[in-house]
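Below, each chain spelled out in residue letters.
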Amino acid sequence: MKKIFSILTFFISVMCFSQIYVPYGTIYPTTNSSTTSNIGIAVADPNEKLTIDGNINLINPVNVYRKIGFTTTDSFSNSQTNNIPIANYGMTMSRFDSSSPSPTVSFSGWNGINFYTNTAERMKISSSGKVGIDVTTFPTNPLYTNYKLFVKGGILTDEIRVSLSANGTWADYVFFDNYKLKPLSEVEAFIAANKHLPNVPSAKEVKEDGINVSDMLRIQQEKIEELTLYMIAQNKKIEALEKKLNAK
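Summarised in this report is the structure supplied together with it. None of the values given here were measured: they were computed from a predicted structure.

Definitions and cut-offs
- Residues numbered from 1 in each chain as written.
- Predicted model: local features only at pLDDT ≥ 70, side-chain atom pairs only at ≥ 80, totals over all residues.
- Heavy atoms only, no water.
- Pairing = 2+ DSSP bridges.
- Helix = DSSP H or I, 4+ residues; strand = E, 2+ residues; numbered from the N terminus.
- Axes fitted to C-alpha atoms, helices over the stretch in contact; angles between N-to-C directions.
- Expected span 1.5 Å × (residues − 1).
- Buried < 20%, exposed > 50% of the residue type's maximum accessible area, 1.4 Å probe, protein only.
- Contact = heavy atoms within 4.5 Å.
- Polar contact = N/O pair within 3.5 Å; in protein donor to acceptor, adjacent residues only side chain to side chain.

## Observations concerning the sheet that holds strand β10 (residues 131-133)
1) Next: Strands sit in the order β8-β9-β10-β11 across an open sheet of 4 strands; the sheet is mixed. Among the strands making up the open sheet, the edge pair consists of β8 (113-117) and β11 (149-151). When the angles between neighbouring strand axes are averaged without regard to direction, this sheet yields 20 degrees.
2) Next: Taken together, the 5 bridges between β8 and strand β9 (residues 120-125) define a ladder with antiparallel strand orientation. From the neighbouring strand, Asn-114 faces β9, where its bridge partner is Lys-124.

Structure (C-alpha cells):
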C-alpha cells in the first residue's frame, strides 16, 4: 500500500509540474508553480493567470463576467449570440464574420462606453452614438442635438474639409441676375442700427450658440462677392466720370 501511495504521489507531482499536451498545441503550467498558479497556452513562462500566444476563436456564445460588481442575479439571454459580454450592462465584442470578404469586429456597450487613463475619463461614447473627448457631460443645447463629436481642448490637424449638406448652397448666388444687391446706403443704415453686417450673426448670437463653420464660410464668401460687385459698380462710375473729363 505504501508503494502504491508513493507511485501515485510521483505521478501527481509529474502532472503538476509538466506540460499538458493537446491535439493541436501545448498548455504550460507556470515555471514557478510554488508561488503562482499561472497557465500559458503556447507560452512556456506565463506571467499572468492566463497567458496566450496567438488568437482566440470562440465558436459558441460565451459569457465573461467581471468579478467586481457582478452578482448572481445578473444574467444574459441565450439570444446574445457571437458576443463576449463583460458584466451586466457592460460591453460586448462581436466575433469576426468569417463569411465576409472583409471580416470586422464590433465593440459596443448597452449604456455607452467610457475610456480612462490613470483613473481620469478621457473619452466616452454614449448609448446614442455621441463621442466625447475630455468632455464630462454632453451639451444640452437643442442646437447641438444632431452633432456626434464633442472635443474639449482644441483640435490640431494639417487639413480639414467641410462639405455642404444635401440642401446646402454656396455664395455664387450673389452673381445671379435675380440677386438683389442692397444699396450701400441701406447697408450703412443697417450697420448703424445693428452693429454688424446684414445676414451675418451678431456677437451675442455667436457667444450663445457658436457658429456653423460651413455656414460662416458661405456668409463670408457672400460678403466678398457682394463687395466685388460694389467695386465693379464703383469702377464703372469712375470710368464714366473720367470719360466725361477727358471729353472736355
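Moving on from the coordinates now.
## A short note on helix α4 (residues 213-247)
1) Next: Across its 35 residues, α4 extends 51 Å between first and last C-alpha, which sits within 8% of the 51 Å expected from 1.5 Å per residue.
2) Next: Residues of α4 that are buried: Ser-214, Met-216, Arg-218, Ile-219, Glu-222, Lys-223, Glu-225, Glu-226 and Tyr-230.
3) Next: Residues of α4 that are buried in the fold lie against α2 (184-194).
4) Next: Regarding α4, its N-cap is Asn-212, as a side-chain oxygen of that residue lies 3.0 Å from the backbone nitrogen of Ser-214 further along.

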